[in-house]
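Per-entry structural report
Residues per chain, in single letters:
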Amino acid sequence: MNKEQIISEVLIKCQEYGKTLIVGGYIRNKLLGYNFKDVDLLTTCSPQRLKQIFSQINWTEQGLELGITRMTYKGIQFEFSSCLEEELAEKLENRDFTINAFYYDGHNLTSQSNGSEDIKLKLLRPTEYLKKHLYKRLEFSPHTYIRAFRFVSLYDLKWTDELYVLFTESREFFKLVPDGRLQSEAYEIIKGENVLRSLYYYQKVGLIAANDLLNKLKDVSIPLYTQNLSARLIYLSYLVGKQTIIDWLALHHLSNKLVDDIQEYLPYLKTDELKIHPKKLPFLTLLKRYQYQDDKEKIKAFLKSSR
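These notes cover the structure that comes with them. Computed from a predicted structure; not experimentally measured. (Residues numbered from 1 in each chain as written. Predicted model: local features only at pLDDT ≥ 70, side-chain atom pairs only at ≥ 80, totals over all residues. Heavy atoms only, no water.)

Below, the discussion takes up the environment of Leu-154. Looking at where Leu-154 falls in the secondary structure, it is placed in helix α9 (residues 143-155). Along the sequence, Leu-154 and Val-195 sit 41 residues apart, while their C-alpha atoms lie 7.7 Å from each other. With residues near it in sequence (within four places) discarded, Leu-154 still touches Tyr-34, Glu-188 and Gly-192. (Helix = DSSP H or I, 4+ residues; strand = E, 2+ residues; numbered from the N terminus. Contact = heavy atoms within 4.5 Å.)

See below:
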């Protein structure tokens, strides 16, 4: 069975016992042309009923109070949100951005707004629901705020003007995002090829200080040459200045070790005159992959001159 067949199997099994729809990031990522991490389903099946259908279903006490259950089934992660049938329409309406406001019943894909057009234009636009209930939504789900920066970095999106205005007026809700979520979202933002545009929006709403270099470089993409995020942060510091990156790290309550790495290794990108200790060479080679945009000949020349 391929992934789509497995997802269809889960959907059909749930639909035998209650109204069930696929929602959320799976649809968004498919439409944008990216891989998905998990599949979200909205269902009128209770958690107990889901457990009867799938023995793999599990939950936490807090999750159960919210009707949230999860399972890994044939290698795919699924998350179920259970609700009463009379709550289903409201749950479908309660979406943050138009690119997330889709649902699929196994036959038809439905957009509840102008999400299809925004997918084509690669725009991040608030839904009418978010505009009407912004403070209520952010108070209950402050992570909505930070998701807007992650989506930009990972999916090459641009904010609409109305989203910029909304999030500038409500930036105090950023402080309500739990540390764990702040940190996990930050790591995802760093990995995105469009991290510079994401940082540009951080400064635009006033979360970090203004930096003219971000205005100039916001549309420059940075491939993920290595999973070493420290190397990526040092290169970003090289591009836009270390204070902007250090301020951003502090905003997300990330480890001071990352700041120490920036302080130690950034000088090696600014000059070739520093003596290189052999122990530092492997990590500096990672940095040079970014600085030389993975140009193999330049990296070879660097390694040769470092001997």
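Resuming the write-up.
Given two aromatic rings, one states the distance between the centres and the angle between the planes to describe the pair. Inspection of every chain in the model, using the stated rule, returns 24 aromatic pairs. Taking the centre distance of 6.0 Å and the plane angle of 80° together, the rings of Phe-97 and Phe-151 count as edge-to-face. Taken together, the positions of Phe-97 in the loop between α5 (88-93) and β5 (102-104) and Phe-151 in helix α9 put the pair 54 residues apart, joining distant regions of the chain. What makes Phe-151 buried here is its relative accessible area of 0%. Look at Tyr-135 and Phe-173: their rings are 5.5 Å apart centre to centre, the planes differ by 50°, and that puts the pair in the tilted class. Of this pair, Tyr-135 sits in helix α8 (residues 134-140) while Phe-173 sits in the loop between α10 (161-169) and α11 (179-191), placing them 38 residues apart in sequence. Note on Tyr-135: relative accessible area 42%, which makes it partly exposed. The ring of Tyr-265 carries the charged tip of Lys-280 above its face, separated from the ring centre by 5.6 Å. (Phe/Tyr/Trp six-rings, centres within 6.5 Å; stacked < 30°, edge-to-face > 60°. Buried < 20%, exposed > 50% of the residue type's maximum accessible area, 1.4 Å probe, protein only. Lys NZ or Arg CZ within 6 Å of the ring centre and 35° of its normal.)

Okay, the side chain of Arg-125 next. As for its placement among the helices and strands, Arg-125 is situated in the loop between β7 (123-124) and α7 (128-132). Looking at Arg-125, its side chain comes within polar contact range of the side chain of Asp-118, at 2.9 Å. When residues no more than four places from it in sequence are discounted, the contact partners of Arg-125 are Asp-96, Phe-97, Thr-98, Asn-114, Asp-118, Thr-160 and Glu-162. (Polar contact = N/O pair within 3.5 Å; in protein donor to acceptor, adjacent residues only side chain to side chain.)

Judged by nonpolar contacts, the single largest core of 86 residues is most densely connected at Phe-78, Phe-80, Trp-159, Phe-167, Tyr-202 and Trp-248. For Trp-159, the contacting residues outside a window of four places in its chain are Leu-124, Ala-148, Phe-149, Val-152, Tyr-164, Phe-167, Tyr-201 and Val-205. One finds Leu-21, Val-23, Cys-83 and Leu-88 within the second-largest nonpolar core, a separate group that totals six residues. (Core = buried A, V, L, I, M, F, W, Y, C linked by side-chain atoms within 4.5 Å.)

Below, the discussion takes up the sheet that holds β5. Ordered in space as β3-β4-β2-β1-β5-β6, the six strands form an open sheet in which the pairing is mixed. In the strand order of this sheet, the two ends are held by β3 (68-73) and β6 (109-111), each with one partner. On average, each strand axis in the sheet is tilted by 30° relative to the strand beside it, whichever way the strands run. Where strand β2 (residues 38-43) meets strand β4 (residues 76-82), six bridges bridge the pair, whose relative direction is parallel. (Pairing = 2+ DSSP bridges. Axes fitted to C-alpha atoms, helices over the stretch in contact; angles between N-to-C directions.)

Fair warning: the whole summary comes from geometry, so function is off the table for now.
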